[in-house]
Amino acid sequence: MIGSIIEYERAESELRELEQRLIELQKQYAIGDKGFTKAGIRKLIARLNEELAVFEASEEASASLQN
């Protein structure tokens, strides 16, 4: 789970890298080829998106409580 801004930025960077890797795989291989690899990358992307969303929600909640 993401617990700091540094981890958040690291996760965003990893997300961009995974998205780029998925795009490259989709260009290189036809539908059906490397399916497990593409699916695994999609799962990692989904997990990172969820963690980023949870962190963003907690940051917004803590910011609104401070105001």
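Above this text is the structure in question.
Not measured: the values here are computed from a predicted model.

The rules behind each value
- Residues numbered from 1 in each chain as written.
- Predicted model: local features only at pLDDT ≥ 70, side-chain atom pairs only at ≥ 80, totals over all residues.
- Heavy atoms only, no water.
- Helix = DSSP H or I, 4+ residues; strand = E, 2+ residues; numbered from the N terminus.
- Buried < 20%, exposed > 50% of the residue type's maximum accessible area, 1.4 Å probe, protein only.
- Contact = heavy atoms within 4.5 Å.
- Core = buried A, V, L, I, M, F, W, Y, C linked by side-chain atoms within 4.5 Å.

**Things to note about the environment of Glu59**
- Counting through the fold element by element, Glu59 comes out in helix α2 (residues 35-66).
- Separated by 49 residues in the primary sequence, Glu59 and Arg10 have C-alpha atoms spaced 16 Å apart.

**Overview of the environment of Leu18**
- Relative to the assigned elements, Leu18 resides in helix α1 (residues 5-28).
- Take Leu18: its relative accessible area is 13%, and that puts it in the buried class.
- Expressed as a C-alpha distance, the spacing of Leu18 and Ile45, which sit 27 residues apart in the sequence, is 6.7 Å.
- Setting aside its immediate chain neighbours within four residues, Leu18 contacts Ile41, Leu44, Ile45 and Leu48.

**A few points about the side chain of Lys38**
- When you line up the elements, Lys38 lands in helix α2.
- Lys38 gets classed as buried once you look at its relative accessible area, which sits at 7%.
- Those residues in contact with Lys38, other than ones at most four positions away along the chain, are Leu22, Leu25, Gln26, Tyr29, Ala30, Ile31 and Asp33.

**Section: the nonpolar core**
- Grouped together as the largest cluster of nonpolar side chains are twelve residues: Ile2, Tyr8, Ala11, Leu15, Leu18, Leu22, Leu25, Ile41, Ile45, Leu48, Leu52 and Phe55.
- Residue assignment for this core shows that the elements contributing at least two residues are α1 and α2.
- The element that contributes the greatest number of residues to this core is α1, accounting for six residues.

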